[in-house]
Amino acid sequence: MANEMIHLKVNGIPVEVPKGATLLDAAKAVNVEIPTLCYLKDINCIGACRVCVVEATGRRGLLAACVYPAEEGMEVFTNTPAVRKSRKTTIELLLSNHKKKCLSCERSEICELQRLSREYGCDEDRFGGEDDEQFEIDDTSAYVVRDNNKCINCLRCVAACKDVQGISVIGPIRRGFAKHIGSAFDKNLADVACVGCGQCIVACPVGALTEKDSVCP
Ligand code: FES
């Protein structure tokens, strides 16, 4: 039986998507870009960061486009003042607890957080935040360096380790500003069954996970 199709509008553009598609899928189908951070297609679809929020007629709050299903007759708006204000605040909150050493960061210029901060004109110091150097850098692994001070807790690395590589040696630990990604009992990467595949590095949108550089400075 053919898939049931859903008809909606994104920024006034009519679009048809199969039932079960998200608002992000619908926007992509008509080449409308919605920013994302925690979303990683088919790997991490948890609606955690709220960078992808959009407005829709008849809905009271903003909707996370990466997880919200497209509904028949919906009218979605991806770039309204309310949407842009919400995204900007979300990014500024992420920056409040982010080690902003962009000049020396390996991911500078290819960092998704940096790109969005620029796009939304964010003030990196708008919110006080917590000590952004509270976590020790874990460089015990032969291949991977983990700097949780740059982590935005998007969990993309956790999903890559568990669902792509099937290893599952990292996960979220603690709550609030102390929340970070680590291994069981906060062990170093060298002391767990990490195989050094690098899938977590590929998945990371910022500079929290990088390849170990073996070249002497
Ligand atoms: S990308 Fe949709 S909530 Fe993070």
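All figures in this text were calculated on a predicted structure; none of them were measured in a lab. (Residues numbered from 1 in each chain as written. Predicted model: local features only at pLDDT ≥ 70, side-chain atom pairs only at ≥ 80, totals over all residues. Heavy atoms only, no water.)

Engineer: Help me understand the overall build of the protein, please; the structure alone is not making it clear to me.
Structural biologist: Looking only at helices and strands, the protein features five helices and nine strands. Ordering the α and β elements of the protein from the N terminus gives β-β-α-β-β-β-α-α-β-α-β-β-α-β. Expected size for 217 residues packed as a compact globule is a radius of gyration near 17 Å; at 19 Å, the protein falls within 12% of this value. Seen through its C-alpha atoms, the protein measures out along the principal axes to roughly 55 × 45 × 30 Å. Evaluated residue by residue, the protein yields a buried proportion of 44% over its 217 residues. Looking at charge distribution, the protein has the averaged site of its 27 positive side-chain charges lying 4 Å from that of its 30 negative ones. (Helix = DSSP H or I, 4+ residues; strand = E, 2+ residues; numbered from the N terminus. Rg over C-alpha atoms; globule rule 2.2 N^0.38 Å. Buried < 20%, exposed > 50% of the residue type's maximum accessible area, 1.4 Å probe, protein only. Lys, Arg positive; Asp, Glu negative; His and termini not counted. Charge placed at Lys NZ, Arg CZ, Asp CG, Glu CD.)

Engineer: Teacher, can you tell me more about the pattern of salt bridges here?
Structural biologist: For the structure on display, the rule yields 10 salt bridges. Across the pair Glu-112 and Arg-156 runs a salt bridge, and its minimum N-O distance is 3.1 Å. Taken together, the positions of Glu-112 in helix H3 (residues 112-119) and Arg-156 in helix H4 (residues 156-164) put the pair 44 residues apart, joining distant regions of the chain. Relative accessible area serves as the criterion here: at 4%, Arg-156 is assigned to the buried category. (Salt bridge = Lys/Arg side-chain N within 4 Å of Asp/Glu carboxyl O.)

Engineer: What's the story with H4 in this structure? I'm lost.
Structural biologist: Spacing of three or four residues puts side chains on the same side of an α-helix, whose turn is 3.6 residues. For H4, the set of buried residues is Arg-156, Cys-157, Val-158, Ala-159, Ala-160 and Cys-161. Contacts made by the buried residues of H4 are with H3, strand S7 (171-173), strand S8 (180-182), helix H5 (199-203) and strand S9 (209-211). Looking one or two places after H4, you find Gly-166, whose phi comes out positive at around 70°. (Contact = heavy atoms within 4.5 Å.)

Engineer: Looking at this structure, I do not really get the side chain of Arg-107. What am I missing?
Structural biologist: Its location among the elements puts Arg-107 in the loop between helix H2 (81-96) and H3. Of the side chains bearing the opposite charge, Glu-106 lies closest to the buried Arg-107, which forms no salt bridge; the N-O distance is 5.9 Å. If sequence neighbours within four positions are ignored, Arg-107 has contacts with Gln-114, Ile-201, Cys-204, Pro-205, Val-206, Gly-207 and Leu-209.

Engineer: Please clarify how the pairing of strand S2 (residues 13-18) should be interpreted in this entry.
Structural biologist: In summary, the side chains of a regular strand alternate between the two faces of the sheet. Taken together, the six bridges between strand S1 (residues 5-10) and S2 define a ladder with antiparallel strand orientation. Within S2, the residue paired with Ile-6 across the bridge is Val-17. What sits between S1 and S2 in their antiparallel hairpin is a turn of two residues, with Asn-11 showing a positive phi close to 50°. (Pairing = 2+ DSSP bridges.)

Engineer: Please explain the domain arrangement of the protein as it appears in this structure.
Structural biologist: How big an interface is tends to be stated in terms of accessible area lost as the parts join. Taken domain by domain, the protein comprises domain 1 (5-79) and domain 2 (90-211). Contacts between domain 1 and domain 2 engage 13 residues on the former and 18 residues on the latter. Across the domain 1 to domain 2 interface the summed buried area is about 1100 Å²; carbon plus sulfur atoms make up 68%. If you look at where domain 1 meets domain 2, you find zero salt bridges. Linking domain 1 with domain 2 are two residue pairs in polar contact (both at pLDDT 80 or more), by the criterion used here. Here the residues of the side of domain 1 that touches domain 2 sort into nine nonpolar, two polar and two charged. (Domains from an automatic or database assignment. Buried area = accessible area lost by both parts, 1.4 Å probe. Polar contact = N/O pair within 3.5 Å; in protein donor to acceptor, adjacent residues only side chain to side chain. Nonpolar A, V, L, I, M, F, W, Y, C, P; charged D, E, K, R; others polar.)

Engineer: Would you mind going over the sheet that holds S2 with me for this structure?
Structural biologist: Consider a sheet: its strands pair through backbone hydrogen bonds, and that pairing is either parallel or antiparallel. Within the open sheet, the five strands sit side by side as S2-S1-S5-S3-S4. Their pairing is mixed. Among the strands making up the open sheet, the edge pair consists of S2 and strand S4 (63-64). Relative to strand S5 (residues 75-77), S1 is paired through two bridges, and the arrangement is parallel. Each residue of the ladder has a partner; that of Lys-9, found in S5, is Glu-75. Sitting on the sheet, H2 touches strand S3 (53-56) and S5, and the angle it makes with S3 is about 160°. (Axes fitted to C-alpha atoms, helices over the stretch in contact; angles between N-to-C directions.)

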